[in-house]
Amino acid sequence: MMFNNSILIGIAGGTGSGKTSIAKELSSNFRKSDIILIEQDSYYKDLANISISEREKINFDHPNSIDFSLMVEHLESLKNGIQTKIPIYDFATHTRKKSTKTIDKHRIIILEGIFSLFNDEIRNMMNIKIYIDTPNDLRIIRRIKRDIDERNRSFESIIKQYYENVRPMHIKFVKPTKQYADIIIPMVSKNKIAIDILRSKIFDLSNNNNNL
């Protein structure tokens, strides 16, 4: 498993913690050809082989809903500079689209998602592991807004899912991954100092790798 010079950064935290926002902030000072963001959500298992009614019963906040084997395979390829086709997930049907997203070699790879730090094989590939620690009330408000605006869900269904799946799965599976983080970022508001420190560390790692 001989990796090339690509740097892998994991960003985890509960739903609505601000993982994507942090990832985009970290990316802002790099060329698009140098850095790529991989979303854990791309790796939800394809449920095309079961009925729609059965798909709706799946707990998507449980780690069993993620295809970690494929994620490991793809991240190993990307770390080795190999072009990789990332799945595109359709949340409306809980299936993978026939089309994929082609990712070429990048110096820096960011993986973000609630289970980014869950799998030990993936953690062992990472150069930096980050956990975003955001108060519960802010996280649920952000999740409600996202699910209504982007996924056309009702307020009632979001709250039901939160109490039945999201909250207990966060306590059982997501929050414990904080112990694996190199850096924990408290996020009541935008933590500019933490972002600047991380960005500097990424620059240092990137420059050192280029000198290898």
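Criteria and thresholds
- Residues numbered from 1 in each chain as written.
- Predicted model: local features only at pLDDT ≥ 70, side-chain atom pairs only at ≥ 80, totals over all residues.
- Heavy atoms only, no water.
- Core = buried A, V, L, I, M, F, W, Y, C linked by side-chain atoms within 4.5 Å.
- Buried < 20%, exposed > 50% of the residue type's maximum accessible area, 1.4 Å probe, protein only.
- Helix = DSSP H or I, 4+ residues; strand = E, 2+ residues; numbered from the N terminus.
- Contact = heavy atoms within 4.5 Å.
- Pairing = 2+ DSSP bridges.
- Axes fitted to C-alpha atoms, helices over the stretch in contact; angles between N-to-C directions.
- Parallel < 35°, antiparallel > 145°, perpendicular 65-115°, else oblique.
- Left-handed = near helix turned anticlockwise from the far one by under 90°.
- Nonpolar A, V, L, I, M, F, W, Y, C, P; charged D, E, K, R; others polar.
- pLDDT = per-residue confidence, 0-100.
- Polar contact = N/O pair within 3.5 Å; in protein donor to acceptor, adjacent residues only side chain to side chain.

Peer 1: Outline the nonpolar core, supporting the account with residue identities and numerical values.
Peer 2: Ile38, Met71, Leu75, Leu111 and Ile122 are the most contacted members of the largest nonpolar core, which totals 31 residues. Listing elements by their share of this core, those giving two or more residues are β1 (7-13), β2 (35-39), α3 (68-79), β3 (84-90), β5 (108-112), α4 (120-125) and α6 (155-174). Looking at this core, the element that brings in the most residues is α3, giving six residues. Leaving out residues up to four positions away in the same chain, Ile122 has contacts with Leu8, Phe68, Met71, Val72, Leu75, Leu111 and Ser116.

Peer 1: I'd like a rundown of the sheet that holds β1, residues and numbers included.
Peer 2: Strand pairing in a sheet relies on backbone hydrogen bonds, with the paired strands running either antiparallel or parallel. The strand order across the open sheet formed by five strands is β2-β5-β1-β6-β7, and the pairing between neighbours is parallel. With partners counted over all chains shown, the strands left at the sheet margins are β2 and β7 (183-186), one partner each. Between one strand axis and the next, the sheet turns by 20° as a mean value, whatever way the strands run. Alignment of β1 against β5, held across five bridges, turns out to be parallel. Each residue of the ladder has a partner; that of Gly10, found in β5, is Leu111.

Peer 1: Run through the packing of helix α5 (residues 136-151) against α6, naming residues and quoting values.
Peer 2: In the contact formed by α5 and α6, the axes pass within 11 Å of each other and the chain directions differ by 130°. Of the possible angle classes, the one that applies to α5 and α6 is oblique. Of the two elements, α5 crosses α6, and the hand of that crossing is right-handed. Only Phe155, Ile158, Ile159, Gln161, Tyr162, Val166 and His170 of α6 make contact with α5, whose side of the interface consists of Arg139, Ile140, Arg143, Ile144, Asp147 and Ile148. Looking at the contact of α5 with α6, its residues break down into eight nonpolar, two polar and three charged.

Peer 1: Account for the confidence of the model for the chain, with residues named and values stated.
Peer 2: Averaged over every residue, the pLDDT of the chain is 91; residues scoring 70 or more account for 95%. In the model of the chain, helix α7 (residues 192-210) stands out as the element of lowest mean pLDDT, 84, in contrast to α4, which has the highest, 97.

Peer 1: Before we move on, can you summarise the pairing of β1 with the specific residues and values?
Peer 2: The element β1 is extensively covered by neighbouring structure, given that seven of its seven residues are classed as buried. For β1 and strand β6 (residues 128-133), the ladder comprises five bridges, and the chain directions are parallel. Bridged to Gly10 within β6 is Lys129.

Peer 1: For the side chain of Asn119, give the residues involved together with the corresponding values.
Peer 2: For Asn119, the position within the fold is in the loop between β5 and α4. Residue class for Asn119 comes out buried when judged on its relative accessible area of 13%. One polar contact links the side chain of Asn119 to the main-chain amide nitrogen of Ile122, over a distance of 3.0 Å. Once residues within four sequence positions are removed from consideration, Asn119 is found in contact with Phe68 and Val72.

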